[in-house]
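# Survey of secondary and tertiary structure
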Amino acid sequence: AAAASAAAGGSSGSSGSDAPEQYVRVGAFTTVALGRVVYDRPHYHQRDALFPVGYEARRLFAHPLQPGALIDIIFKILDNGDDPMFKVHCEDARLCFVGRTANEAWSQFCGRFSDAYRDVPDGLYAFGLSLRGVREVLEKAAGSSRCEHYVFRFCQPVADRDASMRELPVNPSGCVRAEPFLRKLVVEASKHHRVRAAASGGAGNGAEEEEDRLRARENTSKSTSAGLAGNMGAGIQYRLSKKVLKETIRVGHSRIHGRGLYAKRRILADEMIIEYIGELIRPCLTDKREHYYDSRNIGTYMFRIDDSQVVDATMKGNEARFVNHSCEPNCIARIINVEGQKKIMIIAQRAIDLGEELTYDYKFPIEDTKIACSCGAANCRGSMN
């Protein structure tokens, strides 16, 4: 299990994070700080583990000398030049051991208590560096994709994320508080974009994973030559997207803004991905609700269907509200008709690879007060409106 907390920093030869740091708890093990990944010194990572500087964790063990009692052991990784320093510390027993490797430090500690901790396989496990939850969070950390010797196991490396963090945008006035307040706007569903025609290739593309579902989706896409032209085709794709939603997308930290939506598998062009769900309200209530949410520092998520209906996903939404804006999107927002009801669907505009973030163009109305865009696309307009 993981929970969000404070932000992390960075220094030369290492990389910080623009997203809240993740804290991991697995049973009696808890991380206190995940530190920062050091990518330019080879001894700070190996094939199956990352050794972030400033890493600190705690683990509760049965006390070796007092039956029925627990002992709190602290694990730290410190910067020691070319080699990291691994530290095992126990305040209760007033013991402290250091080593150049996790196994060395842990072996010294275990040597004081004979076979009391023989169930712990090695130092990496004791430090928590081999636990899936810890590795997943560290693999998403800035700088991890630049570690040459490390082999990613749970997440796909994102190289451009680190490059964007090294060049932070500069506020025009020099102070964010001196800049105008950017009002949250209601997203307009695009009626001017045509969904691209279904791919003519067979079901062989990406058929190794979820072959049956992908073939069904592709056949459905072929049967509707205009993508969403027929209500029957739209209804079939809509129901299929509901069945495989958990296997298709996940929420994660985004380099564009806050959280984003990522593909858990390869997604075909013109495939319906997720419905934008929320409370259906009248347009006259949007401003009133926006002011209410702003007064309580709540992010506003609204999507206009037509002149008489707006979907408010702020309090009753799903993962679709985390899809970020991009000037070069891989998805499109489209209104479809399913059994007489209008639905807002996020649809793949092209083939989307595993681990790629889903984005679409918000199409905000043009205003004098601009909302800065941080999508990082080659053709970025610089603002969302």
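Structure report, in brief. Each chain carries its own residue numbering, running from 1 in the direction its sequence is written. In keeping with the predicted nature of the model, local features appear solely for residues at pLDDT of at least 70, side-chain atom pairs appear and are counted solely at 80 or more, and the whole-chain, interface and lining totals rest on all residues. Based on all heavy atoms of the structure, the side-chain values leave hydrogens and waters out of the count.

Right, let's get into the overall build of the protein chain. Secondary structure is summarised from DSSP: a helix means a run of H or I of at least four residues, a strand means a run of E of at least two, and numbering begins at the N terminus for each. Regarding its fold elements, the protein chain presents eight helices and 22 strands. Sorting the 385 residues of the protein chain into buried and exposed places 43% on the buried side. A contact between two residues is defined here by any heavy atoms of the two lying within 4.5 Å. At a minimum sequence separation of 6, the contacts of the protein chain that also span at least 24 residues come to 56%. Here, Shrake-Rupley sampling with a 1.4 Å probe gives the accessible areas, and only protein chains in the shown set may cover a residue. On the protein chain, roughly 20,500 Å² of surface is accessible, and the fraction owed to carbon and sulfur atoms is 49%. When a residue's accessible area, from a 1.4 Å probe over protein chains only, is under 20% of the maximum for its type it is buried; when over 50% it is exposed; and in between it is partly exposed.

To continue, consider the side chain of K343. By the secondary structure assignment, K343 is in strand β21 (residues 341–348). K343 gets classed as buried once you look at its relative accessible area, which sits at 15%. Ignoring any residue separated from it by four or fewer positions in sequence, one finds K343 in contact with Y238, E275, R334, I335, I336 and V338.

Turning next to helix α8 (residues 286–295). T286, E290 and Y293 are the residues of α8 that are buried. When α8 is viewed along its axis, its buried side chains cluster within an angular range of 65 degrees and face the same direction. What points out from α8, more than 90 degrees from its buried face, is the exposed set K288, H291 and S295. The inward-facing, buried residues of α8 contact β16 (279–281), β17 (302–306) and β18 (309–312). Directly after α8, the chain includes N297, whose backbone phi takes a positive value near 55 degrees. Relevant arc is that of directions from the helix axis to the C-beta atoms, nothing else.

Glancing now at the pairing of strand β22 (residues 357–360). Remark: a regular strand shows side chains that alternate across the two faces of the sheet. The alternating pattern of β22 places E357 and T359 on one face and L358 and Y360 on the opposite face, and all of these are buried. Here two bridges tie strand β14 (residues 259–263) to β22, and the two strands are oriented antiparallel to one another. Bridged to Y262 within β22 is E357. Pairing between strands is defined by DSSP: at least two bridges between them are needed. Sheet analysis places strand β19 (residues 324–325) next to β22, joined by two bridges and oriented parallel. Bridge pairing links N324 to T359 in β22.

Our next topic: the sheet that holds β14. Taken together, the four strands give an open sheet; going across it, the order is β13-β14-β22-β19, and neighbouring strands pair in mixed fashion. Across the chains shown, the open sheet's two edge strands, defined by having one partner strand only, are β13 (249–253) and β19.

A sheet is described by the order of its strands in space; here three strands give the open sequence β15-β21-β20, paired in antiparallel fashion. Bordering the open sheet on either side are β15 (272–275) and β20 (331–338), each of which pairs with just one other strand. Within this sheet the neighbouring strands show an average axis-to-axis angle of 40 degrees, counted without direction. A fitted line through C-alpha atoms represents every axis, and for helices the fit uses only the stretch in contact; the resulting angles, taken between N-to-C directions, go from 0 to 180 degrees.

Turning next to the pattern of salt bridges. Think of a salt bridge as a Lys or Arg side-chain nitrogen and an Asp or Glu carboxyl oxygen that are within 4 Å of each other. Applying the stated criterion to the full structure yields 14 salt bridges. Across the salt bridge formed by D40 and R41, the nearest N and O atoms sit 4.0 Å from each other. When the shortest N-O distance is used, the salt bridge between R289 and D312 registers 3.0 Å. Pair noted here: R289 is in helix α8 and D312 is in strand β18, with a separation of 23 residues, a long-range link. One continuous salt-bridge network, built from bridges that share partners, spans D40, R41 and D79.

The next point concerns unusual backbone geometry. A positive phi angle, close to 70 degrees, is found at D270, a residue other than glycine. The phi dihedral of N297 falls on the positive side, at around 55 degrees, and the residue is not glycine. With respect to the secondary-structure elements, N297 resides in the loop between α8 and β17. A relative accessible area of 75% means that N297 is categorised as exposed.

On to the pairing of β13. For β13 and β14, the ladder comprises five bridges, and the chain directions are antiparallel. Bridge pairing in β14 links I249 to A263.

Turning next to the nonpolar core. Formed by 37 residues in total, the largest nonpolar core has its most connected members in W106 and L129. Residue assignment for this core shows that the elements contributing at least two residues are β7 (49–50), β8 (56–62), β9 (70–80), β10 (83–90), β11 (95–99), α1 (102–111), α2 (123–127) and α3 (132–140). Aside from chain neighbours lying at most four places away, what touches L129 is L50, F51, Y55, I77, F86, L124, V134, R135 and L138. In this structure, A320, C331, L358 and C373 belong to the second largest nonpolar core, which totals 30 residues. We call a set of buried Ala, Val, Leu, Ile, Met, Phe, Trp, Tyr and Cys residues a nonpolar core when their side-chain atoms join them within 4.5 Å.

Let us now look at the environment of R58. Tracing the sequence through the fold places R58 in strand β8. The exposure class assigned to R58 is partly exposed, which follows from its relative accessible area of 29%. Distance in space between the C-alpha atoms of R58 and F29 is 5.9 Å, their sequence separation being 29 residues. Among all residues touching R58, those that are not within four sequence positions of it are A28, F29, T30, V32, D72, I73 and I74.

Moving on: the packing of aromatic side chains. Between the rings of Phe, Tyr and Trp (Trp by its six-membered ring), a pair exists once the centres lie within 6.5 Å; its type follows the angle of the planes, with under 30 degrees stacked, over 60 edge-to-face, and the other angles tilted. Per the counting criterion, the structure on display carries 14 aromatic pairs. Ring centres of Y301 and F322 lie 6.4 Å apart, and the angle between their planes is 70 degrees; on these two criteria the pair is classed as edge-to-face. Here Y301, found in the loop between α8 and β17, pairs with F322, found in the loop between β18 and β19; they are 21 residues apart in sequence, far enough to count as distant. Relative to F364, the ring of Y362 lies with its centre 5.5 Å away and its plane at 65 degrees, an arrangement referred to as edge-to-face. Per residue, the accessibility class of Y362 equals that of F364, and both read buried. Aromatic ring contacts, followed pair by pair, group F51, F61, F75, F86, F97, W106, F109 and F127 into a single cluster. A ring is considered to have a charge above it if a Lys NZ or an Arg CZ atom is located within 6 Å of its centre and within 35 degrees of its normal. Between R321 and the ring centre of Y301, over which it is positioned, the NZ or CZ distance is 5.3 Å.

Functional significance is not addressed by these values, which are geometric in nature.
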